[in-house]
Amino acid sequence: MTILDKIIAFKKKEIAKIKAEVPIKKLVESPKFKRTPLSLKKSLLEVGSTGIIAEFKRQSPSKGIINDKATIAEVTNGYLDANVAAQSILTDTSFFGGTMADLMEARVINQTKPILRKDFVVDGFQIVEAKAIGADAILLIASCLTSVELKNYGNLAKDLGLSVLYEIHTQEELDKINDLDDKIIGINNRNLKTFEVNLEHSIKLANQIPDNSIKVSESGISDPKIITGLKEFGFQGFLIGENFMKEENPGEACQDFINQIR
Ligand SMILES: O=C(O)c1ccccc1NCC(=O)[C@H](O)[C@H](O)COP(=O)(O)O
């Protein structure tokens with residue numbers, strides 16, 4: 001059993017328990033549910049966009065503790081000062097040390113840039129929950145879902161006004177989302193089964209992505225020069241976590257990085 005299998009098995013149990021305790025009506029009636037989400041596509045494509053989706057990531061299965069001192073408030077303010085295109089917040093607690101409260105706290109500070117709820121969606125309840133905590137976008141990981149689930153969850157998110165980042169790692173996973181239109185596709189350079197990170201991965205799969213989709217490269221980006229290279233292959237979004245979070249001041253690290261790609 002891989003870590004990813006463990007995460008998904010754990011998530012399914014966790015969500016079943018939450019669903020038994022929290023009626024969906026309560027989520028739909030929450031004040032944030034009425035808010036109109038910001039568009040991830042618009043933010044990535046607008047003139048002068050840095051394309052950087054900066055992540056708040058305390059720990060990970062592959063690296064253990066990355067930063068358990070930096071606060072949501074200081075990192076969110078730092079990322080906003082750096083002019084990120086969007087913010088990503090891991091809300092999984094057991095494997096990444098994140099919480100939904102992290103996202104809600106960031107939302108109070110960040111009113112201008114889209115927030116991606118980074119979690120492992122295995123049930124539509126989590127998509128409704130994402131909207132109720134103030135997220136603008138959700139992640140759907142193709143390796144964890146069937147093509148029918150990808151389509152249904154994608155439609156549910158869109159019906160709620162949320163953007164969707166479809167994450168793939170292989171051609172087979174890309175095939176699963178082929179018939180969906182107008183997509184934002186993230187190619188994860190990290191193999192979620194082995195944790196091996198290879199930036200060539202984005203480049204190899206880039207040509208297979210239809211021109212009408214927005215390409216995002218995810219994971220293992222640690223040098224501003226990599227952004228220049230990825231842009232040549234049509235990437236418009238760059239999801240970066242550890243490279244910023246490993247520093248004492250992630251916001252400042254993000255500003256230095258962005259200053260070097262301008
Ligand atoms: O980061 C991990 O170890 C990991 C393990 C299993 C499933 C997902 C995992 N990471 C989630 C991500 O996609 C990354 O947090 C994100 O792409 C940023 O990556 P990085 O810049 O390398 O921190």
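Residues numbered from 1 in each chain as written. Predicted model: local features only at pLDDT ≥ 70, side-chain atom pairs only at ≥ 80, totals over all residues. Heavy atoms only, no water.

1. Structural notes on the nonpolar core
Counting 83 residues, the largest nonpolar core has Ile52, Leu140 and Phe244 as the members making the most contacts within it. When sequence neighbours within four positions are dropped, the list of residues in contact with Phe244 reads Ile52, Ala54, Tyr79, Pro250, Ala253, Cys254 and Phe257. (Core = buried A, V, L, I, M, F, W, Y, C linked by side-chain atoms within 4.5 Å. Buried < 20%, exposed > 50% of the residue type's maximum accessible area, 1.4 Å probe, protein only. Contact = heavy atoms within 4.5 Å.)

2. Digging into the pairing of strand 1 (residues 52-56)
The side chains of a regular strand alternate, residue by residue, between the two faces of the sheet. With respect to burial, strand 1 is a largely interior element, 5 of its 5 residues being buried. Because side chains alternate across strand 1, one face comprises the buried residues Ile52, Ala54 and Phe56, and the other comprises Ile53 and Glu55, equally buried. Sheet topology places strand 1 next to strand 10 (residues 235-240); 3 bridges connect them, and they run parallel. Paired with Ile52 across the two strands is Phe238, which belongs to strand 10. Relative to strand 4 (residues 86-90), strand 1 runs parallel, the two sharing 4 bridges. (Helix = DSSP H or I, 4+ residues; strand = E, 2+ residues; numbered from the N terminus. Pairing = 2+ DSSP bridges.)

3. Quick word on the pattern of salt bridges
Scanning the model with the defined rule gives 16 salt bridges in all. Close ionic contact of Arg35 with Asp136 constitutes a salt bridge, the shortest N to O distance being 2.7 Å. Taken as a pair, Arg35 in the loop between helix 2 (24-28) and helix 3 (40-45) and Asp136 in the loop between helix 6 (124-132) and strand 6 (137-141) lie far apart in primary sequence, 101 residues in all. What makes Arg35 partly exposed here is its relative accessible area of 23%. (Salt bridge = Lys/Arg side-chain N within 4 Å of Asp/Glu carboxyl O.)

4. A look at the pairing of strand 8 (residues 184-188)
With respect to burial, strand 8 is a largely interior element, 5 of its 5 residues being buried. Pairing of strand 7 (residues 163-168) with strand 8 involves 4 bridges; the strand directions are parallel. Bridging from a neighbouring strand, Glu167 pairs with Gly186 of strand 8. Where the polypeptide runs from strand 7 across helix 8 (residues 171-176) and back to strand 8, its parallel neighbour, the crossover connection is right-handed. Taken together, the 5 bridges between strand 8 and strand 9 (residues 214-218) define a ladder with parallel strand orientation. Along strand 9, the bridge assignment pairs Asn188 with Glu218. The handedness of the strand 8 to strand 9 crossover, carried by helix 9 (residues 200-206), is right-handed. (Right-handed = clockwise from strand over helix to strand, strands pointing away.)

5. A word on helix 7 (residues 147-159)
The terminal C-alpha atoms of helix 7, which comprises 13 residues, lie 18 Å apart, in line with the 18 Å expected from a rise of 1.5 Å per residue. What helix 7 keeps buried is the set Leu150, Tyr153, Gly154 and Ala157. For helix 7, the buried positions fall inside an angular range of 105° around the axis, keeping them on one side. The exposed set on the far side of helix 7, more than 90 degrees from its buried face, consists of Val148 and Asp159. Residues of helix 7 that are buried in the fold lie against helix 6, strand 6, strand 7 and helix 8. (Expected span 1.5 Å × (residues − 1). Arc of directions from axis to C-beta.)

6. Some points on the site of the ligand
The ligand sits among 19 residues. The nearest are Glu55, Lys57, Ser62, Ser219 and Glu242. Contacts to the ligand include Arg190, whose side-chain N or O atom sits 2.8 Å from an oxygen atom. Expressed as a share of its isolated accessible area of 510 Å², the protein-covered part of the ligand is 98%. For the shell around the ligand, the class distribution of residues is 7 nonpolar, 6 polar and 6 charged. (Near = heavy atom within 4 Å. Polar contact = N/O pair within 3.5 Å; in protein donor to acceptor, adjacent residues only side chain to side chain. Areas by Shrake-Rupley, 256 points an atom, 1.4 Å probe, with all protein chains shown as cover. Nonpolar A, V, L, I, M, F, W, Y, C, P; charged D, E, K, R; others polar.)

7. Focus: the sheet that holds strand 6
Reading around the barrel, the 8 strands line up as 1-4-5-6-7-8-9-10 and close back on themselves, with parallel pairing between neighbours. For this sheet, the mean inter-axis angle between neighbouring strands, taken without regard to orientation, is 25°. (Axes fitted to C-alpha atoms, helices over the stretch in contact; angles between N-to-C directions.)

8. Brief notes about the packing of helix 1 (residues 3-21) against helix 6
Across the interface, helix 1 lies against helix 6 with an axial gap of 10 Å and an inter-helix angle of 65°. Accordingly, the angle class assigned to the pair helix 1 and helix 6 is roughly perpendicular. Helix-helix and strand crossings are classified by hand; for helix 1 and helix 6 the assignment is left-handed. Packed against helix 1, whose contacting residues are Lys11, Ile15, Ile18 and Lys19, the element helix 6 presents Phe125, Gln126 and Glu129 at the interface. Residue composition of the contact of helix 1 with helix 6, grouped by class: 3 nonpolar, 1 polar and 3 charged. (Parallel < 35°, antiparallel > 145°, perpendicular 65-115°, else oblique. Left-handed = near helix turned anticlockwise from the far one by under 90°.)

Spatial relationships are all this shows, so hold off on functional conclusions.
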